2 protein chains.
Amino acid sequence: MVHIEQASEPQLREQLADLLDRYDQLAAGKLALDLTRGKPGAAQVALSDALDGILEGDYRAADGTDVRNYGGLDGLAEARILFGNVLGTLPEETLVGGNSSLTLMYQVIDFALTEGLRGPESAWARREPVKFLCPVPGYDRHFSICEYLGIEMLPVRMLETGPDMDQVEGLVAADPAIKGIWCVPRFSNPSGCVYSDNTVERMARLPKLASPEFVVMWDNAYAIHSLYDDAPELASIGKWARQFDTMDGIFQFGSTSKVTFAGAGVAFMGSSERNLSTFKAHLAFQTIGPDKVNQLRHVRFLRDAETLAAHMAKHAAHIRPRFDCVLDILDRELEGTGMASWTQPRGGYFISVDALPGLASEIISLADKIGVKLTPAGATFPYGKDPEDRNIRLSPTFPSLEDLQTSIDAFALCVKIASIRQRLGR
Amino acid sequence: MVHIEQASEPQLREQLADLLDRYDQLAAGKLALDLTRGKPGAAQVALSDALDGILEGDYRAADGTDVRNYGGLDGLAEARILFGNVLGTLPEETLVGGNSSLTLMYQVIDFALTEGLRGPESAWARREPVKFLCPVPGYDRHFSICEYLGIEMLPVRMLETGPDMDQVEGLVAADPAIKGIWCVPRFSNPSGCVYSDNTVERMARLPKLASPEFVVMWDNAYAIHSLYDDAPELASIGKWARQFDTMDGIFQFGSTSKVTFAGAGVAFMGSSERNLSTFKAHLAFQTIGPDKVNQLRHVRFLRDAETLAAHMAKHAAHIRPRFDCVLDILDRELEGTGMASWTQPRGGYFISVDALPGLASEIISLADKIGVKLTPAGATFPYGKDPEDRNIRLSPTFPSLEDLQTSIDAFALCVKIASIRQRLGR
């Protein structure tokens, strides 16, 4: 297929007729495929089936704690070591919680907003408005926390190196109402980019330029989720933060939702000891503590960095062919057409596609009509609104390879139909 | 020992000298006993050791849901049936959550306060001040939620039939700032009383007398925790609420923290479908959903009402001798002395002792000095302040029978020392 801008009108009309024929055939096939969410596949969650039963009746943590009884907000000592390693934080800078890192993030922001990280006077809500920087495209669940809590969101450009730090630093230095920034630093959702060393260093220094009580929300959800041997490493923000003395301004998060069981794993966070102590003081009012039995299961199952890495290699073996499949089809069908560009992530759960401006909603709607559900248009932007209506997030992990191939073929078809129609002025 | 008011001063002095001798002997024994918390004993939590491994690789819920993957805020269908039965709510009126019913209670109040149960205009915080009725003595964790969220607490008398409903109805009808009441309706913490049928009926009608968006917080933590065959049943508040059309004003809670593992069990709540739908809309911003794997474990283990009852009978067999031990010692040492009165609960986790006014702190401090830790004085009252300084909560479940006997002997000794000293004017 030639580049859309070089094709003649008759060529485009002919192509469109062919494409619509194939579209009608697909429509008749009554597909029911779902690429909306970054869900692990059934074979992936089965990798951790040994979790249930792994305790073999031994419910004692290393220090003798009976995990079947009440007590403790920090999480088990051995879990803090294991998951602190994932974040690059010391055990005393690590808290291991319940089944959802999203809950930990919500709680940090809720506490900072209404109760204050440094006493009541420091509560963000004391000085309205409160704003957050949101690199786009980004993760819809981050944005909806801000929207729910009445925090104004300012979009920031994502580059291949992570958020545009010139823009970030400029905004933060100029506006003291900006109280935080969302980051998915490795295999970012959805672009899959890994923040460069320079971006991490500048992010670690950011609290120095920002208003007091500014927080970097470092959601390292895909910290150990590389797919290819050449996947870039992420620099340690903690190492820089220690050097700049900004640990109080950095909250790191992770979970095993995409390591063991999605929604039945263990979430964790890392920050300064001072922050954790404040956080726990708030937390004590709303929980009796995390599920320590499940933490112990996870420690016995994932054991150490080496066992964890071997386990993650099995996930990669499941996901890699799916990423390859998507990238192969996009290459074959859309490369050189001028109709779309896309990322080639080396890890994570998503591939981000940019269609021609104004076409994302239409493409997603076209796909939906023939039974291929994609993440809703705009989901990767604050308030669900993509100003250029062009970004589409593909989530290839859950379907079978065969279903994935059918879905992406159909998706490419919809991209072409929408693009040619636009070019022809409908 | 004769009644303290009938003893002569010389008699009291002689008794006190004897008591102080025994006190010094105990002090030399370097006891380290802890009766502060309502923790199940090690033998109790071991009753549920089969939980880990019970799935035997079958991670599918009855409707085919793969519990190892994302999805669902309501909890598993079969868990909603099982735990709805405990609360007396229909499955569609039941939500099964994470490991802590305290978290569910906090969330209900937080949402009602800041976001509103009937849209933003209904948020309690729109019309300050916000007040809650707190039957006393009561559960400190309930009171600290109110204190943390800035809700003013009004104490209400507890009778043997539950909260004094004349007082409750009078207050609620007179003051629209009162937005809720805390209840532990069966084996109340700490008195152990069971609300009478009339109290339950009047409580179910209470939202009709109260301001809009008033909530009865019905923490049925000990719903199935009877110890003796003559334990009174609790009337169903849901049955009455349906009759009075007040389901929107009633939130019921429970958990398996004192059924399976404390802090690693399953929490649940029941209310109108309308309330649950609002609650979930809020909840979606702060969690990816509950741990369904642990819910499935619980359903497979506890199965049905009959299995659950048989399991609870094993708990009762552990706790009953401990309650008997405490009540025997109190009878033997303090009956007829005029120094204390206490409850004789037929279930639950606590025995509530009222010392002579002004002596609770001193008794607890005397016990602490010889190595017997009791729940801090005032803990059972709002703001941690018992206006008469007389209520002491005993938690007999965790210690061994031998340790418990030593502790309660020491406690009775401290009651006598403090009482006689007070009578002698020091």
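Look a little higher up for the structure.
The following refers to the structure shown. Given the structure is predicted, the values throughout are model-derived calculations rather than measurements.

Quick notes on the rules
Residues numbered from 1 in each chain as written. Chains lettered and ligands numbered in written order. Predicted model: local features only at pLDDT ≥ 70, side-chain atom pairs only at ≥ 80, totals over all residues. Heavy atoms only, no water. Least-squares fit on C-alpha atoms with pLDDT ≥ 70 in both. Contact = heavy atoms within 4.5 Å. Phe/Tyr/Trp six-rings, centres within 6.5 Å; stacked < 30°, edge-to-face > 60°. Helix = DSSP H or I, 4+ residues; strand = E, 2+ residues; numbered from the N terminus. Buried < 20%, exposed > 50% of the residue type's maximum accessible area, 1.4 Å probe, protein only. Lys NZ or Arg CZ within 6 Å of the ring centre and 35° of its normal. Pairing = 2+ DSSP bridges. Buried area = accessible area lost by both parts, 1.4 Å probe. Salt bridge = Lys/Arg side-chain N within 4 Å of Asp/Glu carboxyl O. Polar contact = N/O pair within 3.5 Å; in protein donor to acceptor, adjacent residues only side chain to side chain.

Quick word on the relation of the copies chain A and chain B
Okay, step 1: Take chain A, turn it by 180 degrees, move it 0.0 Å along the axis, and it overlays chain B with an RMSD of 0.0 Å. Such a combination of turn and shift is consistent with a two-fold rotation axis. Identified as the residue of chain A closest to the rotation axis by C-alpha distance is A:Gly53, at 1.7 Å.
Okay, step 2: Both copies share a contact surface, since 100% of the interface residues of chain A are interface residues in chain B too.

Observations regarding the packing of aromatic side chains
Okay, step 1: The full count for this structure, using the stated rule, is 22 aromatic pairs over all chains.
Okay, step 2: Geometrically, the ring pair formed by A:Phe111 and A:Phe279 is edge-to-face, given 5.4 Å between the ring centres and 65 degrees between the ring planes. Remark: A:Phe279 occurs in helix 9 (residues 273-283) and A:Phe111 occurs in helix 4 (residues 101-114); sequence separation between them is 168 residues.
Okay, step 3: Judged by relative accessible area, which is 2%, A:Phe279 ranks as buried.
Okay, step 4: Put simply, the rings of A:Tyr106, A:Tyr148 and B:Phe285 touch in pairs and so form one group of aromatic residues.
Okay, step 5: Residue placement shows A:Lys39 over the ring face of A:Phe398; its charged tip is 4.7 Å from the ring centre.
Okay, step 6: The aromatic ring of B:Tyr228 is capped on one face by B:Arg346, whose charged end is 4.0 Å from the ring centroid.

Concerning the environment of A:Pro290
Okay, step 1: By the element assignment, A:Pro290 lies in the loop between helix 9 and helix 10 (292-302).
Okay, step 2: Residue classification places A:Pro290 among the buried residues on the basis of a relative accessible area of 10%.
Okay, step 3: On a C-alpha basis, the gap between A:Pro290 and A:Pro120 in space is 26 Å, while along the polypeptide they are 170 residues apart.
Okay, step 4: Excluding anything up to four places from it in sequence, A:Pro290 contacts A:Gly72, A:Leu73, A:Gly75, A:Val96, A:Gly97, A:Gly98, A:Gln295, B:Asn99 and B:Gly263.

A short note on the pairing of strand 9 (residues 267-270) of chain B
Residue and element names in this part refer to chain B.
Okay, step 1: Along strand 9, one buried face is formed by Ala267 and Met269 and the opposite face, lined by Phe268 and Gly270, is buried too.
Okay, step 2: The sheet contact formed by strand 8 (residues 250-255) and strand 9 spans four bridges and is antiparallel. Counted as the bridge partner of Phe253 is Met269 from strand 9.

Quick word on the interface of chain A and chain B
Okay, step 1: Contacts between the two partners involve 52 residues from chain A and, on the opposite side, 53 residues from chain B.
Okay, step 2: Both faces combined, the contact of chain A with chain B buries some 4400 Å², and carbon together with sulfur accounts for 48% of it.
Okay, step 3: Our enumeration of links across chain A and chain B arrives at four salt bridges.
Okay, step 4: Ionic pairing is found between A:Arg68 and B:Asp49, a salt bridge with its closest N-O pair at 2.8 Å.
Okay, step 5: Our count for the chain A to chain B interface comes out at 30 residue pairs in polar contact (both at pLDDT 80 or more).
Okay, step 6: Listed by contribution, the elements that provide at least two residues to the side of chain A that touches chain B are helix 2 (42-46), helix 4, helix 5 (140-148) and helix 10 of chain A.

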